[in-house]
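The chain contents come next:
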Amino acid sequence: MSLGVRWTLHGDGKTPAPGAVVRPDERLSWPRTFGLGAQHVVAMFGASFVAPVLMGLDPNLAIMMSGVATAIFLLATKGRVPSYLGCSLSFVGVAATIRASGGDSATVTGAVLVVGAALFLVGLAVQRFGARIIHAAMPPVVTGAVVMLIGFNLAPVTASTYWPQDQWTALLVMLFTGLAVVCLRGFLSRIAIFLGLVFGYLLSWVLDLVFGKIHSPAGGAEAVDHWRLDLSAVGQADWIGLPSFHAPAFEWSAILVALPVVIALVAENAGHVKAVGEMTGDPLDDKLGTAIAADGAASMLSTAVGGPPNTTYSENIGVMAATRVYSTAAYWAAACFALLFGLCPKFGAVVAAIPGGVLGGITVILYGMIGLLGAQIWLNGRVDLRNPLNLVPAAAGIIIGVGGVSLKITDNFELGGIALGTLVVITGYHVLRAFAPAHLKTQEPLLDAGTSAYDEGAGTVDEPGDGGKPGTGTKPGTVEGSGTGTKPGDGGKPGRSEQP
């Protein structure tokens, strides 16, 4: 049985001929392949740096497990679906909600592990029954509303936690990142979030040299004098060592908050498979269920040892589109590089030292991108919000999710925020549809028998950031992927991410 780890040399192994592409089962020379692998790692850095920090998890472990997850995905799909799996931004709001209610890192990873298991089961169901079941349960009006409430639910995190730590740095980082997202082209456009982080790092260092310490909240509600950029932990960290592992803990309240993200992850994977199939010319409908299940299995493994969940990254789709190299050998090289980074505690200490003001400027754009992806899904799915069958459940669910409305069921159990908003959208839509007159049930399906039935140009969600914007068959970025996305064919520009 082929595992997709054998490649034939493309041409002379140096440069693809004009108009030619390097297919997944081909490769360039090994030095060029490893160079492309390093480029893929850089492309995913923005989201994979930021996401674990925002979730309060070990960035070293996140990077290392992203390499493991990528290897699992490539083996499961037998090398037919080139993809990098990085830390999903879709769970940032979930982690913030769980921690706000008293949960710790173990509670966060336990809840997300259950989401990974649910995603794995969805993948098996899609493999068995086909992609029709996705549309039946999650039509575009539902998917868009859930993604929107997940993204906008994060707004208070930026407003109350990051921005107040250094408002002027946050403002300048926001402006720089916005310019990078809009004005840069080619590969630089795909790492705009990463460039924003580098700019913020340097700016904080310069402000510390010029003005000294700042008096503001630093990780807490009380204002204190502190350095904007504190690198003391970097000097104490070892160059080589294992990241910190911990076991997950399971609480029903946390699990219910996290489960709605399954919808975003299914959409991310469906869009990714569609985009790769179009770019490589290889119909991948038969691999949709496998891709979803592999993502779920990889996330389960990562969270079982204390890492974050993973999802496919649209930034890396953009790298493939720009280079026209779809070789899975490059992704194996990227996975190896990620494993090596994960074994360097000093690298993790640098990531963990990102100043709060820098995160404030980044997340203003990133969280907004995630939320607005929901609107993009409505546009791609041609959702008519003049139809009350679509408008009523979406409106109610979004307000509940964004506003943090809660429903107390018992003294020890209540539903609120993301969980309650998602429940209202899904159940509200299907219940209302059961009683609605026939003329209101005319929404065309997003999916037919397989992903080839997507409308031309339609996309789904990425990561939360992963963020991204849909292009011809591409998925909007991450609710993780990094928060940025690309459109194949023109070099792309960051938009969305799952896939920082």
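Whatever comes next refers back to the structure up there.
Thresholds, definitions, all that
Residues numbered from 1 in each chain as written. Predicted model: local features only at pLDDT ≥ 70, side-chain atom pairs only at ≥ 80, totals over all residues. Heavy atoms only, no water. Helix = DSSP H or I, 4+ residues; strand = E, 2+ residues; numbered from the N terminus. Areas by Shrake-Rupley, 256 points an atom, 1.4 Å probe, with all protein chains shown as cover. Salt bridge = Lys/Arg side-chain N within 4 Å of Asp/Glu carboxyl O. Buried < 20%, exposed > 50% of the residue type's maximum accessible area, 1.4 Å probe, protein only. Patch = residues over 30% accessible without salt bridge, like charges linked within 9 Å, V, L, I, M, F, W, Y side chains within 5 Å. Core = buried A, V, L, I, M, F, W, Y, C linked by side-chain atoms within 4.5 Å. Domains from an automatic or database assignment. Phe/Tyr/Trp six-rings, centres within 6.5 Å; stacked < 30°, edge-to-face > 60°. Contact = heavy atoms within 4.5 Å.

**Some thoughts on the overall build of the protein**
When helices and strands are tallied, the protein shows 20 helices and eight strands. Taken as a whole, the protein presents about 18900 Å² of accessible surface, with 66% of it coming from carbon and sulfur.

**Let's talk about the pattern of salt bridges**
Here the structure, examined in full by the defined rule, presents three salt bridges. In this structure, the salt-bridge partner of Asp166 is Arg228, at a minimum N-O distance of 3.2 Å. Placement of the pair is Asp166 in the loop between α7 (155–162) and α8 (167–183) and Arg228 in the loop between β5 (223–226) and α11 (232–236), with a sequence separation of 62 residues. Just as Asp166 is buried, Arg228 falls in that class too.

**As for a nonpolar patch on the surface**
Together, Trp205, Val206, Leu209, Val210 and Phe211 give the surface a local cluster of nonpolar side chains, amounting to about 570 Å² of exposed area. Summarising the element assignment, Val210 is placed in helix α10 (residues 192–211). Classification of Val210 by relative accessible area gives exposed; the value is 58%.

**Focus: the nonpolar core**
Counting residues in hydrophobic clusters, the biggest one holds 92 residues, and the most contacted among them are Leu54, Met55, Leu288, Tyr367 and Trp378. By residue number, the principal contributor to this core is helix α13 (residues 261–280), which donates nine residues. Among the domains, domain 1 (23–383) and domain 2 (385–436) are the pair contributing at least three residues each to this core.

**Examining the packing of aromatic side chains**
Scanning all chains against the criterion turns up four aromatic pairs. Relative to Phe34, the ring of Trp30 lies with its centre 6.1 Å away and its plane at 45°, an arrangement referred to as tilted. Of this pair, Trp30 and Phe34 both sit in helix α1 (residues 30–55), separated by four residues, roughly a single helical turn. For Phe34, a relative accessible area of 38% gives the class partly exposed. Aromatic side chains Phe176 and Phe199 sit 4.3 Å apart centroid to centroid with 5° between the ring planes, which places their arrangement in the stacked category. Here Phe199 lies in helix α10 and Phe176 lies in helix α8, a separation of 23 residues in the sequence. Here Phe176 falls in the partly exposed class, since its relative accessible area comes to 30%. Each member of the aromatic cluster is reached from another via a ring pair, and the members are Trp7, Trp30, Phe34 and Phe337.

**Description of unusual backbone geometry**
If you check the backbone angles, Lys78 has positive phi at about 55° while not being a glycine. Looking at where Lys78 falls in the secondary structure, it is placed in the loop between α2 (59–76) and β3 (85–87).

**Considerations on helix α3 (residues 92–100)**
Within α3 the residues assigned to the buried category are Val92, Gly93, Val94, Ala95 and Ile98. Positive phi appears at Gly102, one or two residues downstream of α3, with a value of about 100°.

**Looking at the environment of Pro248**
Within the fold, Pro248 resides in the loop between α11 and α12 (252–258). Sequence separation of Pro248 and Val108 is 140 residues, and the distance between their C-alpha atoms is 7.6 Å. The contacts of Pro248, once residues within four sequence positions are left out, are Ala106, Thr109, Gly110, Leu113, Thr303 and Ala304.

Just distances and angles here, no functional claims.
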